[in-house]
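Coordinates in review
Listed below, chain by chain, are the residues.
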Amino acid sequence: MPRQRVLVTTAWLRPGDEVHRFLESAGFDVIHRSFVDTADSGETLAELVSDADGVVAGTDPFTAEVLGSAPRLKVIGRTGSGFDNIDVHAASELGMAVCPTPGVNSQSVAEYTLGMILSCARRIPQSVAAVRAFGWDQVSGRELAGATLGIVGLGAIGRLVATMAIGFGMRVIAHDPKLDEAFIAQHSIEAVELDDLLGQSDFVTLHLFLNASTRHIMDARSLALMKPTAFLINISRGGVIDERALADAIRAGNLAGAGLDTVEEEPLPEDSVLRGLDNVLITAHIGAATVESRQRSGRMAAQAVVDVLSGVIPSHTVNKEFVR
Ligand SMILES: NC(=O)c1ccc[n+]([C@@H]2O[C@H](COP(=O)([O-])OP(=O)(O)OC[C@H]3O[C@@H](n4cnc5c(N)ncnc54)[C@H](O)[C@@H]3O)[C@@H](O)[C@H]2O)c1
């Protein structure tokens, strides 16, 4: 009987690494094809999954069409907590397990969020760029202590951001339809409605999953509620912000700036409306990109693939009841 095959599309997992060796030692043929590998070769995801039994997946689009061309596929182990790039409904209809890696990258993402808040508050990237260009402009910023941080989505990452921000002396307010009451009481966090949060915050940070109810939650109306001195931080998913409305608000001076680690289309298109705005800091979806987080999430995704292909359904499978 031919060996089962696992396709790895996560760009930071490479041939010969720990995950590769783990999958091989579990008895699988392993092939690596990330968007970096296929940029020149022209191979499509649909072709690549056509003979795969399992996938360790990055943020590639596993659409219904792609999944429909994978007759042997049983499991997608997604190296990350978000799984909006996978059509879970289609996967469920086909009996495939979708297993992200919740929780294992929260610390890295929360630390990065504070880094983005500090970068906006003190204009660190702009100063670095100015000095590189032989300038010496001593720009002034603002302290975090005493400023109000509004957290939209007080889940695993949002809660860590809250405790870190409190360590900086920030006042933290939060909006989440499923608030952890014990947590907010313990940390003296005020629960508020979204509109109130937007009106009160000096920094608004979004820690939401992208779905039909959160898409463009930051649109022209909600952006208009923010203070003109406030910054919007997004380390979750680009689709939660209407980028055109954000660019308009910043150009009009209705918002001080933004720090974004994720954008609606990645990599950022050359003609993006967000280009050319000095006070919009954009990084390449690296919130979880630490050695520690990648190790944990690579191992967890690969373990899920091995488990499902051995007949064991991991408890964190998002569509457990549909797996065949
Ligand atoms: N940039 C990166 O590299 C990176 C890395 C990891 C995770 N993420 C993203 O971070 C996001 C949050 O991850 P998490 O692990 O904290 O998730 P989580 O599920 O623990 O928390 C999400 C929270 O959002 C709340 N929520 C849902 N709808 C809401 C709404 N309309 N308004 C306010 N709150 C709402 C939920 O109740 C939940 O508490 C996800 O989108 C994930 O994809 C990004």
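That block above? That's the structure.
Below is a short write-up of the structure. These numbers come from a predicted model, not from an experiment.

The next subject is the packing of aromatic side chains. Evaluated as defined, the whole model comprises two aromatic pairs. Seen in terms of ring centroids, phenylalanine 83 and phenylalanine 209 are 5.9 Å apart; in terms of plane orientation they differ by 45°. Their pairing is tilted. One end of the pair, phenylalanine 83, is in the loop between strand E4 (75-78) and helix H5 (88-93); the other, phenylalanine 209, is in the loop between strand E9 (203-206) and helix H11 (220-224), and 126 residues separate them in sequence. Phenylalanine 83 gets classed as partly exposed once you look at its relative accessible area, which sits at 25%. We classify phenylalanine 209 as partly exposed; its relative accessible area is 46%.

Glancing now at the layout of surface pockets. The space that makes up the second largest pocket amounts to roughly 240 Å³. Lining the second largest pocket are Gly153, Leu154, Gly155, Arg159, Asp176, Pro177, Lys178, His207, Leu208, Phe209, Asn211 and Thr214. Here the residues of the lining of the second largest pocket are counted per class, giving four nonpolar, five polar and three charged.

So, on to the pattern of salt bridges. Considering all chains together, one arrives at twelve salt bridges under this definition. Put simply, lysine 227 and aspartate 202 hold a salt bridge, and the shortest N to O gap is 2.9 Å. Of this pair, lysine 227 sits in the loop between H11 and strand E10 (231-234) while aspartate 202 is found in the loop between helix H10 (194-200) and E9, placing the two residues 25 residues apart along the sequence. Among the residues examined, lysine 227 registers a relative accessible area of 27% and is labelled partly exposed. Assessed through its relative accessible area of 10%, aspartate 202 is described here as buried. Through salt bridges with shared partners, a single ionic network connects Arg142, Asp202 and Lys227.

Here is what the cut-offs are and how they apply
Residues numbered from 1 in each chain as written. Predicted model: local features only at pLDDT ≥ 70, side-chain atom pairs only at ≥ 80, totals over all residues. Heavy atoms only, no water. Phe/Tyr/Trp six-rings, centres within 6.5 Å; stacked < 30°, edge-to-face > 60°. Helix = DSSP H or I, 4+ residues; strand = E, 2+ residues; numbered from the N terminus. Buried < 20%, exposed > 50% of the residue type's maximum accessible area, 1.4 Å probe, protein only. 1 Å grid on protein atoms, 1.4 Å probe; cavity = no way out; pocket = protein on both sides within 12 Å on 5 of 7 lines; lining within 4 Å. Points joined across faces, edges and corners; volume = space filled by probe spheres on them. Nonpolar A, V, L, I, M, F, W, Y, C, P; charged D, E, K, R; others polar. Salt bridge = Lys/Arg side-chain N within 4 Å of Asp/Glu carboxyl O.

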